[in-house]
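Okay, here's what each chain looks like letter by letter:
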Amino acid sequence: MSIEYKLLATDIMDILSNIPKKKYVNEKLGFIEKKYDIVLPHIFKQFMCSSNEILKTADIWDYSEERSWYFLYEWINISIEETEKISSDSEYFSFVHSPVSEWNNLVDDYMIIGSDYAAGIVYFGIKKTDLNMKNPPVYMYHEANHITEWNLMFNHLSDYFLTVICDAILCECYDTAQKILIKYDWNYEVYDTELKEILNKYEIEINNLQKLSSMYQTSDDDWISCCYDSKEKVLFVFKNSENNMKLCVILKSK
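I will try to describe carefully the structure that is included in this document. (Residues numbered from 1 in each chain as written. Predicted model: local features only at pLDDT ≥ 70, side-chain atom pairs only at ≥ 80, totals over all residues. Heavy atoms only, no water.)

**Points about the environment of Ile38**
- In this structure, Ile38 sits in the loop between helix H2 (25-36) and helix H3 (42-50).
- With 87 residues separating them along the chain, Ile38 and Gly125 place their C-alpha atoms 15 Å apart. (Helix = DSSP H or I, 4+ residues; strand = E, 2+ residues; numbered from the N terminus.)

Have a look at this one:
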């Protein structure tokens, strides 16, 4: 059997290696490490350095570009500076009246690694104190909540990366990935019927898929996944929503 079920996000980038990688990412990450006196997880640097244009409109930040801030405490500082008057009911009130050295009593500092590209109301981050972990968890903040309210979204950074790239390929909000894949001579086919024939043809076992929660799921039973036929060189990306399955089949044009 040639189906590989346990793919990493970097495996998908390797499969799509003819698409040019983003430039200067390694240099930008080195700058961040030096500026903040941190060591970024290897898995983070490996994925970011392998990323390409299919993630242009994905829910992850582009580290080939510089930003004015990367951490939550910086974001809070800038927000305070830009707010003319901080009233007692402001979410920043406690921060204004506490030294920065004590902000950790209010909220952990997070390195922000992504946000929803469509609306920019959701942010994803890794706790600064977790950056020494091999595969740290990823937390989510929604602007409707208090700035101190960050909730666990993914137990592992690798799951976040895999979800981001699968959602991008599925073109949940934008068709960027489809356009880039076609530009670089990949066939991009979508099926929501005739799935049984495809699964039988490639001998794909649904029960063997590693199923993840999509950023765009509508119920707890929804999932996304992917697998790869290493013999036929075909990538499969699945989305199951309300018991309706969508399948993207990606293979190199002949």
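Still more ground to cover, so stick around.
**Notes on the nonpolar core**
- With 75 residues, the main nonpolar core has Phe44, Ile54, Leu55, Tyr63, Ile113, Trp150 and Tyr160 as its most contacted residues.
- With 9 residues, helix H6 (residues 157-169) is the largest single contributor of residues to this core.
- Excluding residues within four positions of it along the chain, Tyr160 makes contact with Asp59, Ile60, Ile113, Gly114, Phe124, Val138, Phe154 and Met215. (Core = buried A, V, L, I, M, F, W, Y, C linked by side-chain atoms within 4.5 Å. Buried < 20%, exposed > 50% of the residue type's maximum accessible area, 1.4 Å probe, protein only. Contact = heavy atoms within 4.5 Å.)

**Considering the sheet that holds strand S3 (residues 122-127)**
- Reading across the sheet, the 4 strands line up as S2-S3-S4-S5 and stay open at both edges, with antiparallel pairing between neighbours. Two strands bound the open sheet, and with one partner strand each, they are strand S2 (110-115) and strand S5 (151-154). For this sheet the average axis-to-axis angle between neighbouring strands, irrespective of direction, equals 40 degrees.
- Direction of pairing for strand S4 (residues 138-142) relative to S5: antiparallel, over a ladder of 3 bridges. Within the sheet, the bridge partner assigned to Tyr139 lies in S5 and is Leu152. (Pairing = 2+ DSSP bridges. Axes fitted to C-alpha atoms, helices over the stretch in contact; angles between N-to-C directions.)

**Side note on the sheet that holds strand S9 (residues 244-252)**
- Read across the open sheet, the 5 strands follow the order S1-S7-S8-S9-S6; overall the sheet is antiparallel. Edge positions in the open sheet fall to strand S1 (3-4) and strand S6 (186-191), since each of these has one partner strand only.
- Judged from the 7 bridges that link them, strand S7 (residues 223-229) and strand S8 (residues 234-241) form a sheet pairing that is antiparallel. Along S8, the bridge assignment pairs Cys226 with Val237.

**Some details on the packing of aromatic side chains**
- Scanning all chains against the criterion turns up 19 aromatic pairs.
- Relative to Phe236, the ring of Tyr202 lies with its centre 4.9 Å away and its plane at 65 degrees, an arrangement referred to as edge-to-face. One end of the pair, Tyr202, is in helix H8 (residues 195-202); the other, Phe236, is in strand S8, and 34 residues separate them in sequence. The exposure classification of Tyr202 matches that of Phe236, with both residues buried.
- Grouped by ring-pair contacts, the aromatic residues Tyr36, Phe44, Phe47, Tyr63, Tyr70, Phe71, Phe124, Phe154, Tyr160 and Phe161 constitute a single cluster.
- One residue, Lys211, lies across the ring of Trp223, its end atom 4.7 Å from the ring centre.
- Above the face of the Trp186 ring, Lys252 is positioned so that its terminal group lies 5.6 Å from the ring centre. (Phe/Tyr/Trp six-rings, centres within 6.5 Å; stacked < 30°, edge-to-face > 60°. Lys NZ or Arg CZ within 6 Å of the ring centre and 35° of its normal.)

**As for the side chain of Asp229**
- By the element assignment, Asp229 lies in strand S7.
- Despite its burial, Asp229 pairs with no opposite charge, the nearest such side chain being Lys231 at 7.5 Å.
- Reaching out from Asp229, the side chain makes a polar contact with the side chain of Ser2 at a distance of 2.8 Å.
- With near-sequence residues (within four places) excluded, Asp229 lies in contact with Ser2, Ile3, Tyr202, Val234 and Phe236. (Lys, Arg positive; Asp, Glu negative; His and termini not counted. Salt bridge = Lys/Arg side-chain N within 4 Å of Asp/Glu carboxyl O. Polar contact = N/O pair within 3.5 Å; in protein donor to acceptor, adjacent residues only side chain to side chain.)

**Focus on the pattern of salt bridges**
- Overall, the coordinates contain 5 salt bridges when judged by the stated rule.
- Note that Asp108 is salt-bridged to Lys127, the shortest N-O span being 3.3 Å. You can see Asp108 sitting in the loop between helix H5 (93-96) and S2 and its partner Lys127 sitting in strand S3, a full 19 residues away along the chain.
- For Asp108, a relative accessible area of 29% puts it in the partly exposed group.
- Assessed through its relative accessible area of 18%, Lys127 is described here as buried.
- We note a salt bridge from Lys179 to Asp175, for which the minimum N-O separation is 3.6 Å.
- Since its relative accessible area comes to 36%, Asp175 is described here as partly exposed.

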